[in-house]
Amino acid sequence: RKYLGQEWDDVVVVGRGMMGTAVARHASKAGARVALVGPEEKPKSEWASAEVFGAHYDEGRITRTLDPDEVWSWMAARSIERYGEIAKDGGEEFYSEVGH
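With that settled, the discussion passes to a nonpolar patch on the surface. A cluster of nonpolar side chains, namely Val 71, Trp 72, Trp 74 and Met 75, defines an oily patch on the protein surface of about 440 Å² accessible area. Relative to the assigned elements, Val 71 resides in helix H2 (residues 70-90).

Next up, the structure:
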């Protein structure tokens, strides 16, 4: 949108992780011009570095469907059902099922 003669985004999302990306995706699908700001995720070859802490570089971070909390398990299963749509929209495969 233009303001004071310059082009501006409607929404700026700070954080390119799982939640920030989801927010940006939904805002964009609703018609907003979105700027997604944040550092790029490190390549897989660097995921095991000593500076990485927490689940942010764990590919299994959003795919666990077995959990003592049945609501968490249900929501995870529902999310996995939508991965194909998200990959198609984003143009990049990010999920492959492994295990039992």
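All told, the structure shown has 7 salt bridges when counted by the stated rule. Salt-bridge contacts for Lys 29 lead to Glu 85; the nearest nitrogen and oxygen are separated by 4.0 Å. With Lys 29 in helix H1 (residues 18-29) and Glu 85 in helix H2, this pair connects stretches of sequence that are 56 residues apart. Taking the relative accessible area as the measure of exposure, Lys 29 reaches 51% and is therefore exposed. Residues Lys 29 and Asp 89 are paired through a salt bridge, measuring 2.8 Å at the closest nitrogen-oxygen approach. Of this pair, Lys 29 sits in helix H1 while Asp 89 is found in helix H2, placing the two residues 60 residues apart along the sequence. Via salt bridges that share partners, Arg 25, Lys 29, Arg 82, Glu 85 and Asp 89 belong to a single interconnected network.

A word on the pairing of strand E3 (residues 11-14). Judged from the 4 bridges that link them, E3 and strand E4 (residues 34-37) form a sheet pairing that is parallel. Across the sheet, residue Val 13 finds its bridge partner in E4, namely Leu 36.

Our next topic: the confidence of the model for the protein. Mean pLDDT over the protein stands at 77; residues scoring 70 or higher make up 74%. Of all helices and strands in the protein, the one with the weakest mean pLDDT is strand E1 (residues 2-3) (62), whereas E3 scores best (92).

Taking 1.5 Å of rise per residue, the 21 residues of H2 would be expected to cover 30 Å, and the 29 Å separating its terminal C-alpha atoms lies within 8% of that figure. At Arg 82, H2 shows its maximal bend, which comes to roughly 40°. Taken together, the buried positions of H2 are occupied by Ser 73, Ala 76, Ile 80, Tyr 83 and Ala 87. One side-chain oxygen of the residue at the start of H2 lies 2.9 Å from the amide nitrogen of Val 71, identifying that residue as Asp 69.

Calculation rules
- Residues numbered from 1 in each chain as written.
- Predicted model: local features only at pLDDT ≥ 70, side-chain atom pairs only at ≥ 80, totals over all residues.
- Heavy atoms only, no water.
- Patch = residues over 30% accessible without salt bridge, like charges linked within 9 Å, V, L, I, M, F, W, Y side chains within 5 Å.
- Areas by Shrake-Rupley, 256 points an atom, 1.4 Å probe, with all protein chains shown as cover.
- Salt bridge = Lys/Arg side-chain N within 4 Å of Asp/Glu carboxyl O.
- Helix = DSSP H or I, 4+ residues; strand = E, 2+ residues; numbered from the N terminus.
- Buried < 20%, exposed > 50% of the residue type's maximum accessible area, 1.4 Å probe, protein only.
- Pairing = 2+ DSSP bridges.
- pLDDT = per-residue confidence, 0-100.
- Expected span 1.5 Å × (residues − 1).
- Bend = angle between axes of the 7 residues up to and from the residue.
- Polar contact = N/O pair within 3.5 Å; in protein donor to acceptor, adjacent residues only side chain to side chain.

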